[in-house]
Amino acid sequence: MTPPHQKHFHTSNPEEATAINRSLPEFAAAQTTDEDEYFANHQPPTYLPEIEEEVRGFVAFHQQTTGKRLALVTSGGTTVPLENNTVRFIDNFSAGTRGATSAEYFLENGYAVIFLHREFSLLPYSRHFSHSTNCFLDYMTERDNKIEIDPKYSAEMLKVYRKYNEAQDSNSLLLIPYTTVNQYLYTLKTISEALKIYQNKAVFYLAAAVSDFFIPQSRMPQHKIQSSATTDGELVIRLAAVPKFLSRLVDNWSLGAMIISFKLETDNNLLIKKAKSALERYHHQLVIGNLLQTRKKEVVFVSPGREEWIRLSDEEIANGKEIESEMIPAVIKHHDDWIQASK
Ligand code: PMT
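Residues numbered from 1 in each chain as written. Predicted model: local features only at pLDDT ≥ 70, side-chain atom pairs only at ≥ 80, totals over all residues. Heavy atoms only, no water.

1. Some remarks on the nonpolar core
If you look at the biggest cluster of nonpolar residues, it comprises 50 residues, and the most contacted ones within it are Val55, Ile114 and Leu195. Per element, the largest residue contribution to this core is seven residues, and it comes from helix H7 (residues 181-194). In this structure, Val55 is in contact with Ile114, Leu174, Ile176, Ile191 and Ala194, ignoring residues within four places of it in sequence. The next biggest cluster of nonpolar side chains, apart from the first, holds 36 residues, and it includes Tyr111, Leu122, Tyr125 and Val203. (Core = buried A, V, L, I, M, F, W, Y, C linked by side-chain atoms within 4.5 Å. Buried < 20%, exposed > 50% of the residue type's maximum accessible area, 1.4 Å probe, protein only. Helix = DSSP H or I, 4+ residues; strand = E, 2+ residues; numbered from the N terminus. Contact = heavy atoms within 4.5 Å.)

Structure follows, in structure tokens:
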């Protein structure tokens, strides 16, 4: 079976024709069956069937040809548009470092990876060169009227280039973008359902920062909000709660896959408590807790009855070690156990 050619999708442009539908009922405040209500009351992105085809092709290719395990890595932050023709939006913090770096280590450890990422956030491999200087041209130099890689970067770049090519040539990395929270949720659902055939050989690694509040499609203004829309100089925006989709993912959308969610906090006293309550609430396999301030240095793995910290020393960080180089092998151990236990 030959590797399918990957298409390029763009998710940053609003969909004028479909997002506004005044016939849809008002989206009510959050209640217990809200995940299903959400999909009944919000339209999918128009490109979704094409994404589904790409994903199904990728999954079938690995199932039939390579037999690799498969990781769905979500990365970056979802946006909440304030207008359909979007000039303003609410964003979620995340550069995509955790997701892009983790994807590389999954690939290095023999997994195929579906990388569901915020469009224009960091990508595996190119991340090494895209945001670390002012411009990629900083890596170049001129010699004999020609441009070439500056020798001081070439050894490091060659290493990354080889790994990138290996991922490309073996068709092991599928890049799927999203921008808004609606695109993210629909795409996550679609990919999860396509992954059902993979059962326990799939791992969901949900590192994206997902909006908790949004403006339902039924309430979305079509055009840029005017300053005349203010009352006494204040603009009031009413947001609805985004339902928590983890329970649907665990119960209905995936079949036997290992599911890992992340818990981001800024208060050290809350981290373990919140990670444990996520595990109890959704009954999945692993929560990786991290604090905004120290997320590149330490994380905690919370699984039923267990807490394991992974920490890097200042010296290791100064030498360029990435915490994901320890996290992913630890995740893979959990995945081995999961496969073993579900036999
Ligand atoms: O990209 P970096 O700059 O490296 O940053 C990485 C990170 C800090 C963003 C990442 O490590 C991380 O912690 N990601 C999860 C952030 C997040 O959304 O945390 P939360 O506590 O708000 O949500 C917890 C879980 O609930 C998430 O796995 C999310 O998938 C899920 N969720 C969230 C909202 C929602 N409506 N439904 C959900 O199911």
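2. Notes on helix H3 (residues 48-66)
When the terminal C-alpha atoms of H3 are compared, their 26 Å separation across 19 residues agrees well with the 27 Å that a helix rising 1.5 Å per residue should span. Restricting attention to buried positions, one finds in H3 the residues Leu48, Ile51, Glu54, Val55, Phe58, Val59, Ala60, Phe61 and His62. On its buried face, H3 is in contact with strand S1 (70-75), strand S4 (112-118), strand S7 (173-178) and H7. Among the residues trailing H3, Gly67 stands out with phi positive, at a value near 70°. (Expected span 1.5 Å × (residues − 1).)

3. A short note on a nonpolar patch on the surface
On the surface, a cluster of nonpolar side chains totalling about 410 Å² of accessible area is made up of Ile90, Phe213, Leu235, Ile237 and Leu239. Looking at the element boundaries, Ile90 is found in strand S3 (residues 89-90). A relative accessible area of 33% means that Ile90 is categorised as partly exposed. (Patch = residues over 30% accessible without salt bridge, like charges linked within 9 Å, V, L, I, M, F, W, Y side chains within 5 Å. Areas by Shrake-Rupley, 256 points an atom, 1.4 Å probe, with all protein chains shown as cover. Salt bridge = Lys/Arg side-chain N within 4 Å of Asp/Glu carboxyl O.)

4. Things to note about the side chain of Thr187
Along the chain, the position of Thr187 falls in helix H7. A distance of 2.5 Å separates a polar side-chain atom of Thr187 from the backbone oxygen of Gln183. (Polar contact = N/O pair within 3.5 Å; in protein donor to acceptor, adjacent residues only side chain to side chain.)

5. A closer look at the UniProt feature "domain: DNA/pantothenate metabolism flavoprotein C-terminal" (unreviewed entry) in the chain
In the UniProt entry, the feature "domain: DNA/pantothenate metabolism flavoprotein C-terminal" (unreviewed entry) is given for residues 193-296. Between the C-alpha atoms that bound residues 193-296 there is a distance of 32 Å. The span itself is 24% helix and 22% strand. (UniProt positions renumbered as here; feature names shortened; annotations may be inferred.)

6. Observations concerning the sheet that holds strand S8 (residues 202-206)
Across the sheet, which stays open at both edges, the eight strands sit in the order S7-S4-S1-S8-S11-S12-S13-S14 with mixed pairing between neighbours. Of all strands in the sheet, those bounded by a partner on one side alone are S7 and strand S14 (306-311). Averaged over all neighbouring strand pairs, the angle between strand axes comes to 15°, with direction disregarded. Sheet topology note: the S1/S8 ladder contains five bridges and is parallel. Pairing of Leu72 across the sheet is with Phe204, part of S8. Its contacts with the sheet place helix H4 (residues 97-108) against S1, S4, S7, S8, strand S11 (258-265), strand S12 (286-291) and strand S13 (298-303), and it is angled at close to 165° to S1. (Pairing = 2+ DSSP bridges. Axes fitted to C-alpha atoms, helices over the stretch in contact; angles between N-to-C directions.)

7. As for the packing of H3 against H7
The geometry of H3 relative to H7 is characterised by a closest axis approach of 9 Å and an angle of 30° between their N-to-C directions. Where H3 crosses over H7, the handedness of that crossing is right-handed. Together, Leu48, Ile51, Glu52, Val55, Arg56 and Val59 of H3 and Tyr186, Thr187, Thr190, Ile191, Glu193 and Ala194 of H7 make up the contact between the two elements. In terms of residue class, the contact of H3 with H7 is built from seven nonpolar, two polar and three charged. (Left-handed = near helix turned anticlockwise from the far one by under 90°. Nonpolar A, V, L, I, M, F, W, Y, C, P; charged D, E, K, R; others polar.)

8. So, the pattern of salt bridges
One pass over the structure, following the stated rule, counts 22 salt bridges. Residues Arg143 and Glu148 are paired through a salt bridge, measuring 2.8 Å at the closest nitrogen-oxygen approach. Using a relative accessible area of 49% as the deciding quantity, one classes Arg143 as partly exposed. The class of Glu148 is partly exposed, set by a relative accessible area of 27%. Lys152 is the partner of Asp150 in a salt bridge, and the nearest nitrogen-oxygen pair spans 3.3 Å. Of the residues examined, Asp150 reaches a relative accessible area of 14% and is grouped as buried.

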